[in-house]
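# Secondary and tertiary structure notes
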Amino acid sequence: RFSTGEVVQTALAAPGVAQAHALPYDRFGERAIALFVVASDGLPLSAADVRTHLASLLAPFKVPRTIHVLAELPTRGIGKVDEAALRAIATNGV
């Protein structure tokens, strides 16, 4: 077990990452971590680039199973990240 905060902080240090949010989710009975990133304005960003950055700095078991590049992080009415929406993306690949 580990904190998703370390994953987020490491992702935010990757070139081109403006925002990041990580959350645990269950898929087929296994616990996994999904990472969601938003690119800095005008900079290209790919999940593969983020994964390479994370793999160079984190232990292999800390590298998220899935990395999703989004235009923006979904938020609820009060401005907090909508983790239910992110969990749906992680589990359904939407």
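The text that follows walks through the structure, step by step, so that each part is easy to find. Quick caveat, the model's predicted, so the values are computed rather than measured. (Residues numbered from 1 in each chain as written. Predicted model: local features only at pLDDT ≥ 70, side-chain atom pairs only at ≥ 80, totals over all residues. Heavy atoms only, no water.)

## Brief notes about the sheet that holds strand 2 (residues 30–39)
A sheet is described by the order of its strands in space; here 3 strands give the open sequence 1-2-3, paired in mixed fashion. In this open sheet, the two edge strands, each paired with only one partner strand, are strand 1 (17–27) and strand 3 (66–70). When the angles between neighbouring strand axes are averaged without regard to direction, this sheet yields 20 degrees. Relative to strand 3, strand 2 runs parallel, the two being bridged by 5 bridges. (Pairing = 2+ DSSP bridges. Helix = DSSP H or I, 4+ residues; strand = E, 2+ residues; numbered from the N terminus. Axes fitted to C-alpha atoms, helices over the stretch in contact; angles between N-to-C directions.)

## Regarding helix 1 (residues 4–12)
Listed as buried for helix 1 are Val7, Val8, Thr10 and Ala11. One side of helix 1 holds all its buried residues, which, seen down the axis, span an arc of 165 degrees. Buried residues along helix 1 sit against strand 1, strand 2 and helix 2 (47–57). (Buried < 20%, exposed > 50% of the residue type's maximum accessible area, 1.4 Å probe, protein only. Arc of directions from axis to C-beta. Contact = heavy atoms within 4.5 Å.)

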